[in-house]
Amino acid sequence: MLKKLAKRRSVRKYTDEPVPEEKMKKILAAGLLSPTSKNLRPWEFLVVQNKNTLSRLAECRDKGADMLKGAAAAIIVMADQTINDVWIEDCSIAMSNMHLTAADEGIGSCWIQVRNRMSGMEGKSTEGFIRELFCLDEKFAVEAILSLGMPARERSALEIEDSLWDKIHYEKF
Ligand SMILES: Cc1cc2nc3c(=O)[nH]c(=O)nc-3n(C[C@H](O)[C@H](O)[C@H](O)COP(=O)(O)O)c2cc1C
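Residues numbered from 1 in each chain as written. Predicted model: local features only at pLDDT ≥ 70, side-chain atom pairs only at ≥ 80, totals over all residues. Heavy atoms only, no water.

Draft legend 1. Representation of the sheet that holds strand β3 (residues 108-113). Pairing within the open sheet is antiparallel, and its 4 strands lie in the order β1-β2-β4-β3. In this open sheet, the two edge strands, each paired with only one partner strand, are β1 (43-48) and β3. The sheet shows a mean angle of 20° between the axes of neighbouring strands, taken without regard to direction. Across 8 bridges, strand β2 (residues 73-80) lies against strand β4 (residues 140-149) in antiparallel orientation. Across the sheet, residue Val 77 finds its bridge partner in β4, namely Ala 144. Running over the sheet, helix α4 (residues 87-104) touches β1, β2, β3 and β4 and is turned about 5° from β4. Packing of helix α5 (residues 126-133) onto the sheet brings it into contact with β2, β3 and β4, and relative to β4 it is tilted by some 85°. (Pairing = 2+ DSSP bridges. Helix = DSSP H or I, 4+ residues; strand = E, 2+ residues; numbered from the N terminus. Axes fitted to C-alpha atoms, helices over the stretch in contact; angles between N-to-C directions. Contact = heavy atoms within 4.5 Å.)

And the structure:
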């Protein structure tokens, strides 16, 4: 497990190849297998594979979502925020599990933050931009997007020994 965690990196450059359908299914399964508070499963996963829509979606951030222009797919993770007040945690776990599963399947992916971010359009939030693009009901809050594609190059794994071990505190702080 630790080796898999160390191998997961953010991949923002992709080849022109599509992500094989069975791998997309595994990544989505990882989202659906994620634990949620009270098992309420408030999330929804919106898969985008249309190249024009991906390019439009890249404009949802002033910067930070450019990789969507070259991505094969994106999964928008949102939740019905009327179901539970901890939808942010629920969506974050799903995002993380899908990001890790993508890495394990040899698919490049990157977390694109939506919540609390602004689009390139004056005064328009990233979430507002996405809500308009997909005609989402107000009750859906958008947490993040996972960009996906076949990696254009391999990234080195993280070194476990280089981790910030001084962030670990025992008994007192
Ligand atoms: C909550 C969160 C938000 C992030 N938002 C973005 C983003 O909007 N755009 C982006 O290119 N990368 C984003 N990232 C990726 C981080 O920049 C990346 O994980 C970090 O630099 C460490 O690099 P690594 O993932 O390759 O280990 C985000 C990651 C997390 C966990």
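Draft legend 2. Examining the site of the ligand more closely. Near the ligand you find Arg 8, Arg 9, Ser 10, Arg 12, Arg 61, Gly 64, Met 67, Cys 110, Trp 111, Ile 112, Gln 113 and Arg 155, and these make up its full shell. Between the ligand and Arg 8 there is a distance of 2.8 Å, counted from an oxygen atom to a side-chain nitrogen or oxygen. The separation between an oxygen atom of the ligand and a polar side-chain atom of Ser 10 is 2.6 Å. Within the complex, 61% of the 620 Å² of free accessible area of the ligand lies under protein. The residue makeup of the shell around the ligand, split by class, is 4 nonpolar, 3 polar and 5 charged. (Near = heavy atom within 4 Å. Polar contact = N/O pair within 3.5 Å; in protein donor to acceptor, adjacent residues only side chain to side chain. Areas by Shrake-Rupley, 256 points an atom, 1.4 Å probe, with all protein chains shown as cover. Nonpolar A, V, L, I, M, F, W, Y, C, P; charged D, E, K, R; others polar.)

Draft legend 3. Spotlight on the packing of aromatic side chains. In the structure shown here, the tally under the stated rule is 1 aromatic pair. Relative to Phe 45, the ring of Trp 43 lies with its centre 5.2 Å away and its plane at 45°, an arrangement referred to as tilted. Note on accessibility: Trp 43 and Phe 45 belong to one class, buried. (Phe/Tyr/Trp six-rings, centres within 6.5 Å; stacked < 30°, edge-to-face > 60°. Buried < 20%, exposed > 50% of the residue type's maximum accessible area, 1.4 Å probe, protein only.)

Draft legend 4. Here's a closer look at the pattern of salt bridges. Counted according to the given criterion, the structure contains 10 salt bridges. For the salt bridge of Glu 105 with Lys 23, the shortest nitrogen-to-oxygen distance reads 3.1 Å. Of the two residues, Glu 105 is situated in the loop between α4 and β3 and Lys 23 in helix α2 (residues 21-32); the sequence distance between them amounts to 82 residues. One salt bridge connects Arg 131 with Glu 127, and the closest N-O pair in it is separated by 3.8 Å. With a gap of 4 residues between them, Arg 131 and Glu 127 both fall in helix α5, about one helical turn apart. (Salt bridge = Lys/Arg side-chain N within 4 Å of Asp/Glu carboxyl O.)

Draft legend 5. Quick look at the layout of surface pockets. Approximately 370 Å³ is the volume attributed to the largest pocket. Around the largest pocket, the lining comprises 18 residues; the ones closest to its centre are Lys 7, Arg 9, Ala 103, Asp 104 and Gly 106. Mapped onto the lining of the largest pocket, the elements with two or more residues apiece are α1 (2-7), α4 and β3. Ranked by residues supplied to the lining of the largest pocket, first place goes to α4 with 4 residues. Classifying every residue of the lining of the largest pocket gives 7 nonpolar, 4 polar and 7 charged. (1 Å grid on protein atoms, 1.4 Å probe; cavity = no way out; pocket = protein on both sides within 12 Å on 5 of 7 lines; lining within 4 Å. Points joined across faces, edges and corners; volume = space filled by probe spheres on them.)

Draft legend 6. Inspection of a nonpolar patch on the surface at higher detail. A cluster of nonpolar side chains, contributed by Met 1, Leu 2, Leu 5, Ile 160, Trp 165, Ile 168 and Tyr 170, occupies part of the molecular surface with about 800 Å² of accessible area. If you trace the backbone, Trp 165 turns up in the segment after β4. (Patch = residues over 30% accessible without salt bridge, like charges linked within 9 Å, V, L, I, M, F, W, Y side chains within 5 Å.)

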